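# Summary of the model geometry
Each chain, letter by letter, is given below.
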Amino acid sequence: MEDSLSLQTLPAWFTVLPDTDAAAPVAAKALSHADQSLRHRSGRPWLVGRWAPSGLTVGECGGTRIAVLGEHSVTAEAARRAAEAAESTSLSALDRLSATWSGSLHLVASSGGRVRVQGGVVGMRRVFFTDATLPASGGVSLAADRADVLAELVGAELDERRLALELLTLGVPHPLAGAPMWKGVHAQPGGHYLTLDSDGRAAGTRWWSPPDPHLPLAEGAVRFREALTTAVAARTRGRELVTADLGGLDSTAVCCAAARGDAKVAAYTAAIHDELGDDVYWARRTTRALGTIEHHVVPAPDLAMTFDGIDTLDDLLDTPSILTVDRNRRMHIIALAAARGSSLHLTGLGGDELLAGAPARLHALMRTHPLTALRDMRGYSAKYQWSRRRVLRQLLDRRSYRAWLGRVARDLNAPPAPADEPLLDWSAPPRMPAWATPAAVEAARELLRAHLPGAEPRGRGHGEHREMAAMDGISQWTRHIGQMAAPLGVTVAAPYYDDRVIEAALAIRPQERITPWRYKPLIVEAMRGIVPEASRTRGTKANATFEEEVGLRRHRARLLALCEESRLARLGLVDVGALREWCRRALSAETESYLLHPTVACEVWLRSRETTPSWTRPPTERER
C-alpha cells in the first residue's frame, strides 16, 4: 500500500496531537501534508489537517482551547463559554455543555497538557487512535477522524486477520464492527471520548448512554420534531442553496424541514424500474403542495445498476464498504448536486433504523407489557410470515450477547439462517462465504473469540442493541458516501444520525414508536404541519431489487475482472476459483447476490489503496 496515499490526496482530514515534545516527529509529518493547523497553548501542534474553515469554531479561555468541527451551529461565544467552564473545573465540564449542541460534530479540547477528542454516538463522527508502541509513533498516541490517515502517519501495517473478518456476510458483529484495518490503530466506541495525557497515553471514557424510553408518543413527537428541524437548520442556515434527496418518508421529512429555511432547496428523486416503486408519485405530491422546492426526477435509465464500475473505482475510504457495489448509482445524484452548485446535500439515511426500530424490543415488552407484546408478536408474525414457534423460541431465549457471539464464532461455516427467520435474536448470524479460505475462516474465528471475554451488547437488551448496532453500521456507510462525495466539494448531511435527534427518538416508549400496526408513527406524528398532508401518512417504501438483479447480469464481466489478480487471493483469504464460479451463476438478489457485497468491497478497497487518484480542490460556494 502507498505510504502516504491518503495524506497526499484527501481533501478533508484532521489529526489530534498530544501536548508533548515527543509528538514532534509525527507532527512534522502531518504538517507536511496539511494546509491548516492549530496549536496548544504551549505552542506545540495540536490540530493538524485539512478542513473547511466554515465548519470550524474555536473558543479559548486561559490555558484551555476548544475546537468544534463539522455541521453545527456552535458559535464562537458558545465555544468560549465551554472553554471557560473547562478552565474553571476540568474537561469533564464538556459533558454537560456539548450535550446541548445540535448538529454533527467533532469536539476537540486542550487544557493543562490534556487533550479530549469526542465524536458522535454512532458512526458518522468517528474517533480513531494509535498505540503508543508503534515504531514510528514517537512513543505517543495520536487521534484522527480517519483511520487511514493515522496508519500512514505512524507506519501501521495492514491487519490481514481483520480483513478476513470483513468478508462476513450480513456484516461484522459488535464490538468489532467498523474496526480499522491496520495493526495498532483502534476506533473509539460511539458515545465515548478519547483522552490524550501529557505523556501521550490514550484512554477512553463513556460520556453518553441511550436515554430511558419513558415519553408517550404525543410528547415525544414534539421533542423529536424540534430536534430534527433544529438539526436541519444547523446545516441550511446562511446558505443560498442546498440539495436534498426526496424519496421515502424519511428523506421527505428532512427535505420539507429544509424548505422552511431561507436557502433554496433543490430536491432529487431517483426513479426505479420496479413498477411498484412509487417514490416519484409521492415526491410530486409533496412538491406540488409546498410550491417552493425545485424538483428534479432522475429517470431510471440514467442511474447505474448495482455492480457498475466496480473494477475501476478509486475512492479512498478508510475501511471497505459494501456501498461499493452501488457506488455509481448513489453518487449520480451527488454529482448532479455538485453540478447544480450545492456544497451540502441532505439525505434521509438513518431514518429506517431510528423510526421503524427493531421488533426485538418485544423481549423487554414481554416483561413490562405482556398483552401488548403478544398482540405485536401476532402482528409481526403475520406481516413477515414468521413461524410463531420460532418467534416464541427466540423470545424465550435468555442467553447473553456473549453466548450469541460465541455461537457466531463456532458456526462461521454453517448454512445461513432461513430468509424467514424472525428478527428477534441479538442479530442475524453472519457467515463466511463459500469462497473464503480455511485460513480466512480461522482468522475470523480467532478474532471473534479473542473479543468474547469483554463482549457486551451495544444497548440494554435485544431491541436497543439491534437498533444501536444497526445505526452504527448504516451510519458508517453514510460516512463512506461522505468520503466519496468530498472530492466533489459536497458535504453529505444525515440529520437522523445527530446525537440530539437519536436521543429524542430513543426517549419515546418503544411500544408506541415501534409497532407492526403503523408505518413509522413517530415521523408521521412529528411532521404534522411540516410535511404536506398529501404525503405525510405515506405507508410504502420502494426497493431496488430489480436494479441488483439486472446489474448482476449486465456487469458480470466486471465481477469476473475482480477475480483476475485478486488481492484477496494474494493474501490467502479467498479461493479465487470458487469465487469465479459463484460470479458466473444466476443468483437471486434476495438470497444470494448480496453475499458477494462484502468480498467486492474488500477487493475494491485493497486495489484503491495502490494508486493515487488525482484531486483538485473544488471551487468554494463564493467562487462559483
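Residues numbered from 1 in each chain as written. Predicted model: local features only at pLDDT ≥ 70, side-chain atom pairs only at ≥ 80, totals over all residues. Heavy atoms only, no water.

Scanning the protein from terminus to terminus reveals 26 helices and 17 strands. Computed over its C-alpha atoms, the radius of gyration of the protein comes to 24 Å, within 12% of the 25 Å expected for a compact globule of 624 residues. By residue count, 58% of the 624 residues in the protein fall in the buried class. As displayed, the protein offers around 24,700 Å² of accessible surface, 51% of which is attributable to carbon and sulfur atoms. (Helix = DSSP H or I, 4+ residues; strand = E, 2+ residues; numbered from the N terminus. Rg over C-alpha atoms; globule rule 2.2 N^0.38 Å. Buried < 20%, exposed > 50% of the residue type's maximum accessible area, 1.4 Å probe, protein only. Areas by Shrake-Rupley, 256 points an atom, 1.4 Å probe, with all protein chains shown as cover.)

On to the sheet that holds strand 12 (residues 202-206), then. Read across the open sheet, the six strands follow the order 4-5-6-7-11-12; overall the sheet is antiparallel. With partners counted over all chains shown, the strands left at the sheet margins are strand 4 (56-61) and strand 12, one partner each. Strand-to-strand twist in this sheet, taken as the mean axis angle between neighbours without regard to direction, amounts to 20°. Pairing of strand 5 (residues 64-72) with strand 6 (residues 103-111), which is carried by nine bridges, proceeds in the antiparallel orientation. Residue Arg 65 lies in a different strand from strand 6, and its bridge partner there is Ser 110. Across the sheet, helix 3 (residues 76-88) lies against strand 4, strand 5 and strand 6, angled at about 40° from strand 4, the strand it touches most. (Pairing = 2+ DSSP bridges. Axes fitted to C-alpha atoms, helices over the stretch in contact; angles between N-to-C directions. Contact = heavy atoms within 4.5 Å.)

Geometry of a packed helix pair, given as the angle between the helix axes and the separation of the axes. One way to put it is that helix 2 (residues 24-33) packs onto helix 5 (residues 147-154) with a least axis distance of 10 Å and a crossing angle of 120°. As far as their axial angle goes, helix 5 and helix 2 are oblique. Crossing handedness for the pair helix 2 and helix 5: right-handed. The residues of helix 5 that touch helix 2, namely those facing Val 26, Lys 29 and Ala 30, are Glu 152, Leu 153 and Val 154. Considered class by class, the residues forming the contact of helix 2 with helix 5 number four nonpolar, no polar and two charged. (Parallel < 35°, antiparallel > 145°, perpendicular 65-115°, else oblique. Left-handed = near helix turned anticlockwise from the far one by under 90°. Nonpolar A, V, L, I, M, F, W, Y, C, P; charged D, E, K, R; others polar.)

Right, let's talk about the pattern of salt bridges for a bit. Counted by the stated rule, this structure contains 51 salt bridges. A salt bridge links Asp 197 to Arg 201; its shortest N-O distance comes to 3.0 Å. A residue is classified by how much of its surface remains accessible, and Arg 201, at 51% relative accessible area, is exposed. What you see here is one network of salt bridges that share partners, running through Glu 71, Arg 125, Arg 235 and Asp 498. (Salt bridge = Lys/Arg side-chain N within 4 Å of Asp/Glu carboxyl O.)

Before going further, it helps to examine the side chain of Arg 361. As for its placement among the helices and strands, Arg 361 is situated in the loop between helix 11 (351-356) and helix 12 (362-368). Within the local environment of Arg 361, its side chain forms a polar contact with the side chain of Glu 467, the two groups lying 2.9 Å apart. When residues no more than four places from it in sequence are discounted, the contact partners of Arg 361 are Gly 463, Glu 464, Glu 467, Leu 506, Pro 510, Arg 513 and Ile 514. (Polar contact = N/O pair within 3.5 Å; in protein donor to acceptor, adjacent residues only side chain to side chain.)

Per the stated rule, a full pass over the model turns up eight aromatic pairs. Measuring from ring centre to ring centre gives 5.3 Å for Tyr 281 and Trp 282, while their planes differ by 80°; the resulting arrangement is edge-to-face. Residue Tyr 281 is classed as partly exposed on the basis of its relative accessible area of 45%. Its relative accessible area of 17% is what places Trp 282 among the buried residues. Summarising the aromatic geometry, the rings of Trp 435 and Trp 582 are spaced 5.4 Å apart at their centres and angled 55° between planes, so their arrangement reads as tilted. Taken as a pair, Trp 435 in the loop between helix 15 (401-410) and helix 16 (438-450) and Trp 582 in helix 25 (residues 576-583) lie far apart in primary sequence, 147 residues in all. Accessibility assignment for this pair places Trp 435 and Trp 582 in one class, buried. Seen from the ring of Tyr 193, Arg 116 lies directly overhead, with NZ or CZ sitting 3.7 Å from the centre. Lying across the ring of Trp 582, Arg 585 places its NZ or CZ 4.2 Å from the centre. (Phe/Tyr/Trp six-rings, centres within 6.5 Å; stacked < 30°, edge-to-face > 60°. Lys NZ or Arg CZ within 6 Å of the ring centre and 35° of its normal.)

Attention now goes to unusual backbone geometry. Note that the residue after His 174, namely Pro 175, is joined by a cis bond; omega there is 10°. In this model, Leu 170 sits at a positive phi of 70°, which is unusual for a non-glycine residue. Along the polypeptide, Leu 170 turns up in the loop between helix 6 (160-165) and strand 10 (185-187). Although it is not a glycine, Glu 565 sits at a positive phi angle of roughly 50°. Structurally, the position occupied by Glu 565 is in the loop between helix 23 (556-563) and helix 24 (567-570).

Its location among the elements puts Leu 7 in helix 1 (residues 5-9). We classify Leu 7 as buried; its relative accessible area is 0%. On a C-alpha basis, the gap between Leu 7 and Thr 292 in space is 42 Å, while along the polypeptide they are 285 residues apart.

The six strands lie next to each other as 2-3-1-9-8-10, forming an open sheet whose pairing is antiparallel. Either end of the sheet is taken by a strand with one partner, and the two such strands are strand 2 (36-39) and strand 10. Where strand 2 and strand 3 (residues 45-50) come together, four bridges link them in antiparallel fashion. Counted as the bridge partner of Gln 36 is Gly 49 from strand 3. Strands in contact with helix 2 are strand 1 (13-16), strand 2 and strand 3; relative to strand 3, the strand with the most contacts, it is inclined by about 30°.

Tracing the backbone through its elements, the reader meets His 192 in strand 11 (residues 192-196). Separated by 17 residues in the primary sequence, His 192 and Ser 209 place their C-alpha atoms 9.3 Å from one another. Among residues more than four places away in sequence, those in contact with His 192 are Thr 205, Arg 206 and Trp 207. At 3.2 Å, the side chain of His 192 forms a polar contact with the backbone oxygen of Gly 190.

Here helix 13 (residues 370-384) contains 15 residues, and its C-alpha end-to-end distance of 21 Å stays within 8% of the 21 Å for a straight helix at 1.5 Å per residue. Regarding helix 13, the residues found buried are Ala 373, Asp 376, Met 377, Gly 379, Tyr 380 and Ser 381. Backbone geometry just downstream of helix 13 places Gln 385 in the positive-phi region, at approximately 55°. (Expected span 1.5 Å × (residues − 1).)

So, on to empty space enclosed by the protein. With the rule as written, the count across this model stands at four cavities of 30 Å³ or more. In this model, the largest cavity occupies a volume close to 120 Å³. Lining the largest cavity are 16 residues, and of these Gly 103, Leu 105, Gly 119, Gly 120 and Asp 499 lie nearest its centre. Elements that contribute at least two residues to the lining of the largest cavity include exactly strand 6 and helix 18 (499-506). A per-element tally of the lining of the largest cavity places strand 6 first, with three residues. Of the residues contributing to the lining of the largest cavity, the split by class is six nonpolar, six polar and four charged. (1 Å grid on protein atoms, 1.4 Å probe; cavity = no way out; pocket = protein on both sides within 12 Å on 5 of 7 lines; lining within 4 Å. Points joined across faces, edges and corners; volume = space filled by probe spheres on them.)

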